[in-house]
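Here is how the chains run, residue by residue.
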Amino acid sequence: MNSFLSILEELTGEKISVEIILKQQEETGEAVHQPKEPKQSAVNAEFSKAVMPKAQKKPNDPNINSAYHFDNFVVGENSAFAYNVSMAIAKNPGVSYNPCLIYGGVGLGKTHLIQSIGNYIQENTPELQVIYVTAEMFTNEFIMAIGEKKTPQFRNKYRKADVLLIDDIHFLQRKESTQEEMFHIFNNLFESNKQLVFTCDRPINELQDITDRLKNRFTRGINVDLQPPSFETRLAILRKKCEIKTCHIASDVLEYISKSVNTNVRDLEASLTKLIAYSNLLNKEITLDIAREQLRSTYSLSKDQTMSVDSIIRVVSDYFNISVYDIKGKKRTKSVVLPRQIAMYIARSITDYSTTEIGYEFGGRDHTTVMHSVQRVEAMIKNDIAMSNSIQNLIRQVQNYKRES
């Protein structure tokens, strides 16, 4: 009986109790014997009358944007792995790829994928409780729970999740109490085979002021990255957006945008939205000349080719008395890492090159490495006046080097 109850509880997700009632067969005085029907046991007879409890549909999370679906995510070489992992998670949450961390730069599709997972599960496995929050929302909710003395309710909410989706975990840096709470919630859900998915703007080992044990939890499962889309993928994204918005933009205009805006999907969509608005409001067809004029004021689409990353590297290497080879190479000593990061910061600050292009110039490094370097130098400038002055001096030397060459 115990094994029978266990199977029922596993199937229904509810606590089940079964009461067995044996009924005594009534005697009849009939002399004529009718052919006997196969006897049904009393237990089976009673059970057949019982209605199997249905799995209860959980309410949809209002934080999940219904516009984000796998169907409208354009897959390219830059995102195929992350897309397929996300789809596998959505179809079998908690079974494999748990936990999952999706990382990449701004506007590359992390939020689209993580919310697509949520939407897919809510539509296809509605009995599972899905919770989606950003790390900032999680932190603010935790602070409010402490202030209102409702931390047990806060913990109970998250520990009841079957699928927990947390966006932008880099926001947890330097928030020790929130990290502590996240650590315990993570352990509770992971040990119960509940699905956990996180996103971050860089590899987890590049986060600052995150406890080692929490970093270890984030990297325990599978980590997948999103790279900037190629020209072909950018063009496919624009065509898909036009289809969704039911508008027609000439192919040469779409190709121009795809070649010019090579940063991320968000900038692509912003460019397209501006041109569509211009067309609708002025009742004009978008030509290539109009596109060039309208987007020139929004983005620096043409780079200053006279300012090369190589020039910046050369000036910085001379300043720190190290070789250009070392800055572009794989050395991780402090005497090389800091000049390399400063050179990346200057390249990002005074040129229009993308982080991907800068990374390529620095020995083929990933764009997230460039982003981390820029953020680190920015923090140093804020906290160290001498460092700020040195970097400003370097920038002047780079600009003078350009004029002289």
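Relevant structure appears above.
Read on for a plain summary of the structure. Everything quoted here is computed from the prediction, not taken from an experiment. (Residues numbered from 1 in each chain as written. Predicted model: local features only at pLDDT ≥ 70, side-chain atom pairs only at ≥ 80, totals over all residues. Heavy atoms only, no water.)

### What about the overall build of the protein?
Piece 1. Summing up its helical and strand segments, the protein has 18 helices and five strands in all.
Piece 2. Counted over contacts in the protein with a minimum sequence separation of 6, partners at least 24 positions apart contribute 74%.
Piece 3. Accessible surface computed for the protein: about 23,000 Å², of which carbon and sulfur atoms make up 49%. (Helix = DSSP H or I, 4+ residues; strand = E, 2+ residues; numbered from the N terminus. Contact = heavy atoms within 4.5 Å. Areas by Shrake-Rupley, 256 points an atom, 1.4 Å probe, with all protein chains shown as cover.)

### A closer look at the sheet that holds strand E3 (residues 163-167)
Piece 1. One open sheet accounts for five strands, arranged E2-E3-E4-E1-E5; its pairing is parallel. Here the strands that pair on one side only, and so sit at the sheet edges, are strand E2 (130-134) and strand E5 (222-226). In this sheet, neighbouring strand axes are inclined to one another by 15° on average, regardless of whether the strands run parallel or antiparallel.
Piece 2. Relative to strand E4 (residues 195-200), strand E1 (residues 100-104) runs parallel, the two sharing four bridges. (Pairing = 2+ DSSP bridges. Axes fitted to C-alpha atoms, helices over the stretch in contact; angles between N-to-C directions.)

### Digging into the environment of Glu361
Piece 1. Along the chain, the position of Glu361 falls in helix H16 (residues 355-361).
Piece 2. In sequence terms Glu361 and Lys328 are 33 residues apart; their C-alpha atoms lie 7.6 Å from each other.
Piece 3. Beyond its immediate chain neighbours, meaning those up to four positions away, Glu361 contacts Val309, Asp310, Ile313 and Lys328.

### Description of the nonpolar core
Piece 1. In this structure, Tyr158, Leu164, Ile166, Ile169, Met182, Phe198 and Phe218 are the most contacted members of the largest nonpolar core, which totals 28 residues.
Piece 2. For this core, the secondary-structure elements that each account for two or more residues are E1, E2, helix H5 (135-147), helix H6 (151-159), E3, helix H7 (176-191), E4 and helix H8 (212-218).
Piece 3. For this core, the leading source of residues is H7, giving five residues.
Piece 4. Among the nonpolar cores identified, the runner-up in size contains 27 residues, and Val315, Ile342, Phe362 and Ile395 belong to it. (Core = buried A, V, L, I, M, F, W, Y, C linked by side-chain atoms within 4.5 Å. Buried < 20%, exposed > 50% of the residue type's maximum accessible area, 1.4 Å probe, protein only.)

### Let's talk about empty space enclosed by the protein
Piece 1. By the definition in use, this model includes one cavity of 30 Å³ or more.
Piece 2. Here the largest cavity defines a volume of roughly 30 Å³.
Piece 3. In terms of lining residues, the largest cavity is bounded by Lys58, Pro59, Asn60, Gln122, Pro126, Leu128 and Val130. (1 Å grid on protein atoms, 1.4 Å probe; cavity = no way out; pocket = protein on both sides within 12 Å on 5 of 7 lines; lining within 4 Å. Points joined across faces, edges and corners; volume = space filled by probe spheres on them.)

### Remarks on the packing of aromatic side chains
Piece 1. By the definition in use, this model includes twelve aromatic pairs.
Piece 2. Each ring, one from Phe70 and one from Tyr120, has its centre 6.1 Å from the other, and the planes form 65°; the classification is edge-to-face. Of the two residues, Phe70 is situated in the loop between helix H2 (42-49) and helix H3 (80-91) and Tyr120 in helix H4 (residues 110-124); the sequence distance between them amounts to 50 residues.
Piece 3. The class for Tyr120 is partly exposed, based on a relative accessible area of 23%.
Piece 4. Between the aromatic rings of Phe154 and Tyr158, the centroid separation amounts to 5.0 Å while the plane-to-plane angle is 55°, which identifies the pairing as tilted. In this pair, Phe154 and Tyr158 both sit in helix H6, four residues apart, roughly one turn of the helix.
Piece 5. Residue Phe154 is classed as buried on the basis of its relative accessible area of 4%.
Piece 6. Given the relative accessible area of 0%, Tyr158 is considered buried. (Phe/Tyr/Trp six-rings, centres within 6.5 Å; stacked < 30°, edge-to-face > 60°.)

### Here's the deal with the packing of H3 against H4
Piece 1. Where H3 contacts H4, the two axes come as close as 9 Å, and the packing angle between them is 25°. Between H3 and H4, the angle falls in the class roughly parallel. In the crossing of H3 with H4, the sense of the turn from one axis to the other is right-handed. Residues Ala82, Tyr83, Ser86, Met87, Ile89, Ala90 and Lys91 of H3 pack against Leu113, Ile117, Tyr120 and Ile121 of H4.
Piece 2. When grouped by side-chain class, the residues that make up the contact of H3 with H4 number nine nonpolar, one polar and one charged. (Parallel < 35°, antiparallel > 145°, perpendicular 65-115°, else oblique. Left-handed = near helix turned anticlockwise from the far one by under 90°. Nonpolar A, V, L, I, M, F, W, Y, C, P; charged D, E, K, R; others polar.)

### A closer look at H6
Piece 1. Buried within H6 we find Thr151, Phe154 and Tyr158. Mapping the buried residues of H6 onto a view down its axis gives an arc of 60°, with all of them on the same face.
Piece 2. In this fold, the buried residues of H6 make contact with E2, H5, E3 and H7. (Arc of directions from axis to C-beta.)

### Observations concerning the pattern of salt bridges
Oppositely charged side chains are able to pair whenever their charged atoms sit close together.
Piece 1. Counted according to the given criterion, the structure contains eleven salt bridges.
Piece 2. Here Glu148 makes a salt bridge to Lys150, at a shortest N to O gap of 3.7 Å.
Piece 3. Taking relative accessible area as the criterion, Lys150 reaches 40% and is therefore assigned partly exposed.
Piece 4. As a salt-bridge pair, Glu181 and Arg155 come within 2.8 Å of each other at their nearest N and O atoms. In this pair, Glu181 sits in helix H7 while Arg155 sits in helix H6, placing the two residues 26 residues apart along the sequence.
Piece 5. Residue classification places Glu181 among the buried residues on the basis of a relative accessible area of 5%.
Piece 6. Taking the relative accessible area as the measure of exposure, Arg155 reaches 33% and is therefore partly exposed. (Salt bridge = Lys/Arg side-chain N within 4 Å of Asp/Glu carboxyl O.)

### Points about the pairing of E5
Piece 1. Along E5, the buried face is formed by Ile222, Val224 and Leu226; none of Asn223 and Asp225, which line the opposite face, is buried.
Piece 2. Sheet topology note: the E1/E5 ladder contains five bridges and is parallel. When the bridges of E5 are listed, Leu101 appears paired with Asn223.

Any functional reading would require information beyond the geometric quantities listed.
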